[in-house]
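Inside the fold
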Amino acid sequence: MREDKMPNNNDNVRSIVRAFSILEAISKANGEKLGIQDLATATKLSKATAYRIASTLVTLQYIEKDENNKYRLGLKLISLSAVVLNNLQLVDVAKSELHELAQEIGLTAHLGTIDGNDLLYLSKANSNNSIRTTSYVGQRSYLHSTSLGKALCAFLPKEQVIRIVKEKGMPQFTPNTITKIENYLLELDKVKTQGYAIDDEENEKFVRCVAAPIFDHTGKVIAAISVSGLIVHIPEAKLPKAIETVMSRALDISKKMGYPDNSKRTISE
């Protein structure tokens, strides 16, 4: 990336752009390791600047330097790429199941995962009969007040859950929202035992949601699916059917992700 095409912002932005230009140069080398002169030439940076930024990226483990002072992409960057690829694979695998779930139950269906301290919506499907919701793919939400969040957090170590809710906060959205950590942990114990989670007007008034976790080939929870609708669309009498359907679809997706349904579910590390 040329210097004259960099955003005219502050020094921090300039350094970020330069760092990415070095990562891009290494990635375009098709596995060949590059020296500082190679990086400087490819990025139009001075050797001193290229060396300074490359050294920082080595410290952060995004690139590696060998004994000949040549650079290649680091394992940390590769692991981040794997997360993205796994999410893309998951969305592709779950797409038809999510659509069928929405049509079968007549409600809006969602696929979500944990990203940092947030619930991240990866996919969404509406039925012909469901009320259109304001949720959208890429939206971030709270983990403590949603059925998806509960289904995901129930299989995390308690220490991680406590850290997440302390950092993110537990705001009260409705009178039903769980706002105390100890109460939330008790709710998660229940969710883990029964295999599904319910948001009973906890994130939005008059809205009820049912979610179930998705497991990968190791038994680790990697996502969850849910159905959402107004209370009138999911009354108490229809909850058992909604729960059964969501759990069944979640298991189908899990199997497609390599999960053996007779294996022991494990808490994610």
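Note: the structure precedes this text.
A brief report on the enclosed structure follows. (Residues numbered from 1 in each chain as written. Predicted model: local features only at pLDDT ≥ 70, side-chain atom pairs only at ≥ 80, totals over all residues. Heavy atoms only, no water.)

Considerations on the overall build of the chain
Which entries qualify depends on this criterion: Secondary structure is summarised from DSSP: a helix means a run of H or I of at least four residues, a strand means a run of E of at least two, and numbering begins at the N terminus for each. With a 1.4 Å probe rolled over the protein chains alone, any residue whose accessible area is under 20% of its type maximum counts as buried; one over 50% counts as exposed, and the rest are partly exposed. Contact between two residues is taken to exist if any of their heavy atoms lie within 4.5 Å; hydrogens are not considered. Surface exposure here means Shrake-Rupley accessible area, sampled with a 1.4 Å probe, where a residue is shielded only by the protein chains that are shown.
Per the secondary structure count, the chain includes eight helices and eight strands. Expressed as a percentage of the 269 residues in the chain, the buried residues total 45%. Counting contacts in the chain only where the partners sit at least 6 residues apart, residues at least 24 apart contribute 58% of the total. Summed over all atoms, the accessible surface of the chain reaches about 14500 Å², with 52% contributed by carbon and sulfur.

Side note on the packing of helix α1 (residues 11-27) against helix α3 (residues 47-59)
Quick note on the threshold: Where helices are involved, their axes are fitted lines through C-alpha atoms of the stretch in contact, as for all axes, and angles between N-to-C directions lie from 0 to 180°. Geometric relationships in this document are graded by angle, where less than 35 degrees denotes roughly parallel, more than 145 denotes roughly antiparallel, 65 to 115 denotes roughly perpendicular, and other angles denote oblique. In this classification, the charged set is Asp, Glu, Lys and Arg, the nonpolar set is Ala, Val, Leu, Ile, Met, Phe, Trp, Tyr, Cys and Pro, and all remaining amino acids, among them Gly, are polar.
Two numbers describe how α1 lies on α3: the axes approach to 10 Å, and their chain directions differ by 80 degrees. Relative to α3, α1 is oriented roughly perpendicular. From α1, Arg 18, Ala 19, Ile 22 and Leu 23 reach across to α3, where they touch Thr 49, Ala 50, Arg 52, Ile 53, Ala 54 and Leu 57. Class assignment of the residues belonging to the contact of α1 with α3 gives a composition of seven nonpolar, one polar and two charged.

Points about unusual backbone geometry
Unlike most non-glycine residues, Lys 44 shows phi in positive territory, near 65 degrees. You can see Lys 44 is positioned in the loop between α2 (36-43) and α3. Of note in this structure, Glu 201 is not a glycine but carries a positive phi near 55 degrees. By the element assignment, Glu 201 lies in the loop between β6 (197-200) and β7 (207-215).

Quick word on the nonpolar core
The condition is simple: For our purposes a nonpolar core is just a set of buried Ala, Val, Leu, Ile, Met, Phe, Trp, Tyr and Cys residues, chained together by side-chain atoms within 4.5 Å.
Counting 28 residues, the largest nonpolar core has Leu 90, Leu 111, Val 210, Ile 214, Ile 225 and Ile 253 as its most contacted members. Breaking this core down by element, the ones donating at least two residues are α4 (75-105), β3 (108-115), β4 (118-125), β7, β8 (221-230) and α8 (239-256). Residues within four places of Leu 90 in sequence aside, it is in contact with Leu 111, Leu 122, Ile 214, Ile 222, Ala 223, Ile 253 and Met 257.

Concerning helix α6 (residues 158-168)
Selection rule: Think of it as the arc spanned by the lines of direction from the helix axis to the C-beta atoms.
The set of residues buried in α6 consists of Val 161, Ile 164 and Val 165. Looking down the long axis of α6, one finds its buried residues gathered within 90 degrees of arc, a one-sided arrangement. Facing away from the buried side of α6 by more than 90 degrees, the exposed set consists of Glu 159, Lys 166 and Glu 167. Looking at the packing, one finds that the buried side of α6 touches α5 (147-153) and α7 (181-194). Looking one or two residues past α6, Gly 169 carries a phi angle of roughly 95 degrees, positive in sign.

Here we look at the pattern of salt bridges
Going by this rule: Salt bridges, as used here, are contacts in which a Lys or Arg side-chain nitrogen is within 4 Å of a carboxyl oxygen on Asp or Glu.
Enumeration according to the criterion identifies 15 salt bridges in this entry. Where Arg 140 meets Asp 115, a salt bridge forms, and the shortest distance between an N and an O atom there is 2.5 Å. Residue Arg 140 is found in strand β5 (residues 140-141), and its partner Asp 115 is found in strand β3; the two are separated by 25 residues along the sequence. For Arg 140, a relative accessible area of 43% gives the class partly exposed. Of the residues examined, Asp 115 reaches a relative accessible area of 33% and is grouped as partly exposed.

Remarks on the pairing of β7
Two faces belong to every sheet, and in a regular strand the side chains alternate between them. For clarity, the threshold we go by: When DSSP finds at least two bridges between two strands, those strands are taken to pair.
Judged by how many residues are buried, β7 sits mostly within the fold: nine of nine residues are covered. Examined bridge by bridge, β6 and β7 share four bridges and lie antiparallel to one another. Within β7, the position partnered with Asp 199 by the bridge is Cys 209. Here β6 folds back onto β7 in antiparallel fashion, the turn holding six residues, of which Glu 201 has a positive phi close to 55 degrees. The pairing of β7 with β8 spans nine bridges and is antiparallel. Pairing of Ala 212 across the sheet is with Ile 225, part of β8.

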